Every structure is written in C-alpha cells, then in structure tokens.
Amino acid sequence: MTQVLFVISAADRWTLDDGTVHPSGYWAEEVAVPHRIFSEAGWEITVATPGGKAPTLDRLSLGVAGGMPGKRREVKAYLDSIESTLAHPAALDSVDANEFDLVFYPGGHGPMEDLAYDATSGALLAERLASGKPLALLCHAPAAILAATRADGTSPFAGYRMTGLSNREELLNRFAKKAPWLLEDRLKDAGVEYSKGLIPLRPHVVVDRNLYTGQNPQSSKDLASRLLADVGSSASDGPLGVH
C-alpha cells in the first residue's frame, strides 16, 4: 500500500510586519482535496505537525475566498469526516520520512509562521529532496524550504524549478501589504527557478525531478492527480511500495 506523510502547519496565526496577528492555519481545500484523492485511491495517510499539535483551519478558506458555496460545502464535509485524524497528528520529529512513498505539504498562511523556520521540517525536506523520492508542496507550503539549508548556508532547492503562491495572488489579500515577506520573493532569493501561471488563481503545477509543487489552492486537484499517476505507478512497480 502506498504510504503518504501529510505534513501540516501547526500555526494558528500569521504575524504581520507591524506586529499584528492575523488568524490563520491550513487552507481547507489544500488539505481536503488531496487527502480525499489519496484516500479514495487506497493510500494510507499519516498526518504530522510540529510538536504533534492539532492543526488549525483557516476560517477564511471556508468563506468566499474558498470558492463557490457548493465546493465549500463539499470541502467542509470531507474535513468533518477526517476530524479525528486531524485532531491527533503525529509529532513531526517522531516520524521517519524514509518509510513513506510520498511526502506532501499542504499550505495556508500557517507555514509562513512555523514551517519556514522549523529545523526538523527543514532537515526532512533536505533529506527527502536528496533521496530522489517524491516530495510535494502546495501554495504557501514551499515556505517550508526556507528552513532547509546546506552547511554553507545555501539552499538544497537552489536550481530547482518550483511554484508557490505568487506575489500578485498574495496581494489580493487585504492584509498582505503588512506581510513581513512574500513567498515568491523568498523562493527566488533561495535560488529557486520560480514559475507561475499566466492567469492568477488558476491551476499551475510544476514538476522537476522528484519535486512537485502547486501554485495555489486551485492547483490542489491537479497536483494530487499528477501525484496519483506518478507515485501510484512507481509504487505498484516497486521499490516504493515495499516497506
């Protein structure tokens, strides 16, 4: 059976440049849609967070910003169905990423607050990238790579093609003008070959070697479907499916 490590931010806020706190957490669609796609494929999912703290849902993601009402209802219903799983995650420092066929990071503003600075996550990402095994990050989740550094201070992700929420998309949020930094800028500073779609808030997925990234919440389905095709095929052939 294909094993997935689902790494979710434990942050419940995003601290802005003026010191104010914006309530935040994970983005509903980015957890619900990939989790459902993987689960329906029969994949086994382990949810982990820093410290094993239950992740916080960003309530904005179930409002107008989360899409049409029917879509939001479906997303909420699915999250309700996995509530017990989300309420009892594993502690990130207690899991061995090598035991998983796929490591997947959903976004929301939460990663900007904790995973971008989390040494455990940073080490996991650096090791995973070097292993050649599939690694996927969605929307704001690529902020987590900022905690991954080589001994010389450079990023192991430098030179990789990646995407993540663009500056233009971020600035659609009224509070983003107070952001201490923007993801697109930091990815470029890390040496990433940043890519974005021509039209904001449309699906855009980038694959470079074993690294899979999606630009925004709208990319959730496309990213998960691509992983289902690629990782599922590899796992069925082995050795990824052998533990």
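Rules used throughout
- Residues numbered from 1 in each chain as written.
- Predicted model: local features only at pLDDT ≥ 70, side-chain atom pairs only at ≥ 80, totals over all residues.
- Heavy atoms only, no water.
- Helix = DSSP H or I, 4+ residues; strand = E, 2+ residues; numbered from the N terminus.
- Expected span 1.5 Å × (residues − 1).
- Buried < 20%, exposed > 50% of the residue type's maximum accessible area, 1.4 Å probe, protein only.
- Arc of directions from axis to C-beta.
- Contact = heavy atoms within 4.5 Å.
- Pairing = 2+ DSSP bridges.
- Lys, Arg positive; Asp, Glu negative; His and termini not counted.
- Salt bridge = Lys/Arg side-chain N within 4 Å of Asp/Glu carboxyl O.
- Polar contact = N/O pair within 3.5 Å; in protein donor to acceptor, adjacent residues only side chain to side chain.
- Axes fitted to C-alpha atoms, helices over the stretch in contact; angles between N-to-C directions.

As recorded in an unreviewed UniProt entry, the chain goes by the name Type 1 glutamine amidotransferase domain-containing protein, listed as coming from Amycolatopsis thailandensis.

S.K.: Where do I start with helix α2 (residues 69–81) in this structure?
M.R.: Residues separated by three or four positions in an α-helix point in the same direction, a consequence of the helix having 3.6 residues per turn. Across its 13 residues, α2 extends 18 Å between first and last C-alpha, which sits within 8% of the 18 Å expected from 1.5 Å per residue. What α2 keeps buried is the set R72, V75, Y78 and L79. All buried residues of α2 lie within an arc of 130 degrees about the axis, which places them on one face of the element. The outward face of α2, more than 90 degrees from its buried face, is lined by the exposed residues R73, E74 and S81. Those residues of α2 hidden inside the fold are in contact with α1 (28–40) and α3 (83–87).

S.K.: Help me understand unusual backbone geometry in this model?
M.R.: Generally, phi is negative for residues other than glycine and the peptide bonds are trans, each holding for most cases. Its identity is not glycine, yet C139 carries a phi of approximately 60 degrees, on the positive side. Positionally, C139 belongs in the loop between β7 (135–138) and β8 (161–162). Despite not being glycine, L201 has its phi angle at roughly 60 degrees, a positive value. Tracing the backbone shows L201 in the loop between β9 (193–194) and β10 (205–208). With a relative accessible area of 38%, L201 lands in the partly exposed category.

S.K.: What exactly am I supposed to notice about α1 here?
M.R.: The terminal C-alpha atoms of α1, which comprises 13 residues, lie 18 Å apart, in line with the 18 Å expected from a rise of 1.5 Å per residue. Buried residues of α1: A28, E29, E30, V31, A32, V33, P34, H35, I37 and F38, and no others. Two residues or fewer past α1, G42 is found with a positive phi of approximately 90 degrees.

S.K.: What am I meant to see in the pairing of β10 here?
M.R.: Residues in a regular strand point their side chains to alternate faces of the sheet. Alignment of β10 against strand β11 (residues 211–214), held across four bridges, turns out to be antiparallel. Paired with D208 across the two strands is L211, which belongs to β11. Connecting β10 to the next strand, β11, in antiparallel fashion are two residues, including R209 with a positive phi near 60 degrees.

S.K.: Please explain the pairing of strand β4 (residues 44–49) as it appears in this structure.
M.R.: Relative to β4, strand β1 (residues 3–7) is paired through five bridges, and the arrangement is parallel. For F6, the partnering residue across the bridge sits in β4 and is V47. Relative to strand β5 (residues 90–91), β4 is paired through two bridges, and the arrangement is parallel. Within β5, the position partnered with A48 by the bridge is A90.

S.K.: Would you mind showing me how to read the side chain of D58 here?
M.R.: Residue placement: D58 occurs in the loop between β4 and α2. Here D58 occupies a buried position and makes no salt bridge, while the nearest side chain of opposite charge, R59, is found at 7.8 Å. At a separation of 3.0 Å, a polar atom in the side chain of D58 contacts the main-chain amide nitrogen of L60.

S.K.: Is there a simple way to think about the sheet that holds β10 in this case?
M.R.: Backbone-to-backbone hydrogen bonds join strands into a sheet, with any given pair of strands oriented parallel or antiparallel. What the seven strands build is an open sheet, ordered β5-β4-β1-β6-β7-β11-β10; its pairing is mixed. Of all strands in the sheet, those with a lone pairing partner are β5 and β10, marking the two edges. Strand contacts of α1: β1, β4, β6 (102–105) and β7, with the helix running at about 175 degrees to β1, the strand carrying the most contacts.

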